[in-house]
Amino acid sequence: MSGGILTRRKERAGWLFVAPALIAIAVFFCIPVISALFLSLTDFDIYALADLDNLRFIGVQNYERLLTNPLFWGAMKNTALFSVIGVPLSIAASLGAAVILNARVVKWRPIWRVMFFAPYVTTLVATAVLWNYLLHTKYGVINWALQGVGLPAVDWLGQPQTSIPAILMFVVWKIFGYNMLIFLAVLQTVPDDLYEAARIDGAGPWTQFKQVTLPAIAPTLLLVSIISVAGFFQLFAEPYVMTQGGPAQSTVTVLYFMYEEGFKWWNLGSASAVAFILFLCIFAVTLVQLAVAKRLGGDQ
Amino acid sequence: MKPKAILLNLAVAFIALLVLFPLAWMTSVSFMTAGEAAVFPPPLWPKHPTL
């Protein structure tokens, strides 16, 4: 009998201990998400802001209207382009830097590590403005370097074909240090014996990378790719600062579209619907990634 | 083993140059007079450093 009371008391103590965290999650996560879901089913706009009587429940009309809006599909297409090019590019940059930096023969490794991480910890808006100067058609350092080797100058942020690659250059430069640190951490856990055994079996650097390094870091690779996809799907500040969505709407991402819908046109209900569609997209892609990882892992 | 080590160190230094150049240039430009950065070719170093 006394044992039962003791467990109940322990249980209550446990709930008390987790209560602060649960309350914080409820207040700052659950309630906003549920109200956003409710908001996305109403026509909350600037009239409703003035007087809540103007708020009407309109079911899924926001979603229907979005799915027939070519601007929304343009934003979806741009976001997909950003992610399809950006995620592999940033992962390749991070992994490449990590593998090179992990080599024993490289000197002053902590110093390089700090240098590679520096862009990640500098202010996003400041570096975005800086890259606007670097990418300037006339006075930019990048075009100066291109012309120095005999290539024509490129109007990086001024034409739809190059605006996404230009912003991606900046994004990859900015974020590759973070994933590099994750990769470095996991690369250091790969035992040297495996490389030694592979060398003795006659494996070159590429075979060693493919047969030893990749299987060892596969779980981390999955984690990094999931985080990267979520990050690239939520690209906003970079196009907002560098191009304001232009030229010709070529850098309007879903989040940028949501921002304009919500805080330029004050269609907050519609903006909430955009947020939920984006959430569903990220969720779906993550599920696909997990399924692919499971399939690949099952083969080995 | 020796040439490989040199190659890897050079590769790291090259990446560091690419990564740090924008930040270094930002610092350099911050000491230029107004409008000095907007010429072609872009100046790497301020002519008359000023705060």
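Scroll up a little and you will see the structure.
The following refers to the structure shown. Quick caveat: nothing in here was measured; it's all calculated off a predicted structure. (Residues numbered from 1 in each chain as written. Chains lettered and ligands numbered in written order. Predicted model: local features only at pLDDT ≥ 70, side-chain atom pairs only at ≥ 80, totals over all residues. Heavy atoms only, no water.)

What follows is about the overall build of chain A. Of the regular secondary structure elements, chain A holds 13 helices and 0 strands. In sequence order, the secondary structure elements of chain A are arranged as α-α-α-α-α-α-α-α-α-α-α-α-α. Against the 2.2 N^0.38 benchmark of 19 Å for 300 residues, chain A shows a C-alpha radius of gyration of 25 Å, more extended than a compact globule. Dimensions of chain A, computed from C-alpha atoms along their principal axes, come out at roughly 80 × 75 × 35 Å. Counting over 300 residues, chain A shows a buried share of 39%. Considering only contacts within chain A whose residues lie at least 6 apart along the sequence, 65% involve residues at least 24 apart. When the accessible area of chain A is evaluated, it comes to approximately 17300 Å², of which 70% is carbon and sulfur surface. (Helix = DSSP H or I, 4+ residues; strand = E, 2+ residues; numbered from the N terminus. Rg over C-alpha atoms; globule rule 2.2 N^0.38 Å. Buried < 20%, exposed > 50% of the residue type's maximum accessible area, 1.4 Å probe, protein only. Contact = heavy atoms within 4.5 Å. Areas by Shrake-Rupley, 256 points an atom, 1.4 Å probe, with all protein chains shown as cover.)

What follows is about the nonpolar core. All names here are of chain A. Ranked by internal contacts, the top residues of the largest apolar core, which has 69 residues, are Phe116, Trp131, Leu135, Trp156, Met180 and Met242. Residue contacts for Trp156: discarding those within four places in its chain leaves Leu135, Ile142, Asn143, Leu146, Thr162, Ser163, Ala166 and Met169. Counting 5 residues, the second-largest nonpolar core is a separate cluster that includes Val190, Ala198, Ala203 and Val212. (Core = buried A, V, L, I, M, F, W, Y, C linked by side-chain atoms within 4.5 Å.)

What follows concerns the environment of Phe233 of chain A. All names here are of chain A. With respect to the helices and strands, the residue Phe233 is situated in helix α10 (residues 205-233). It is 10.0 Å that separates the C-alpha atoms of Phe233 and Val84, two residues lying 149 residues apart in sequence. Other than its neighbours up to four places away in sequence, Phe233 contacts Thr79, Ser83, Leu278, Cys281, Ile282 and Val285.

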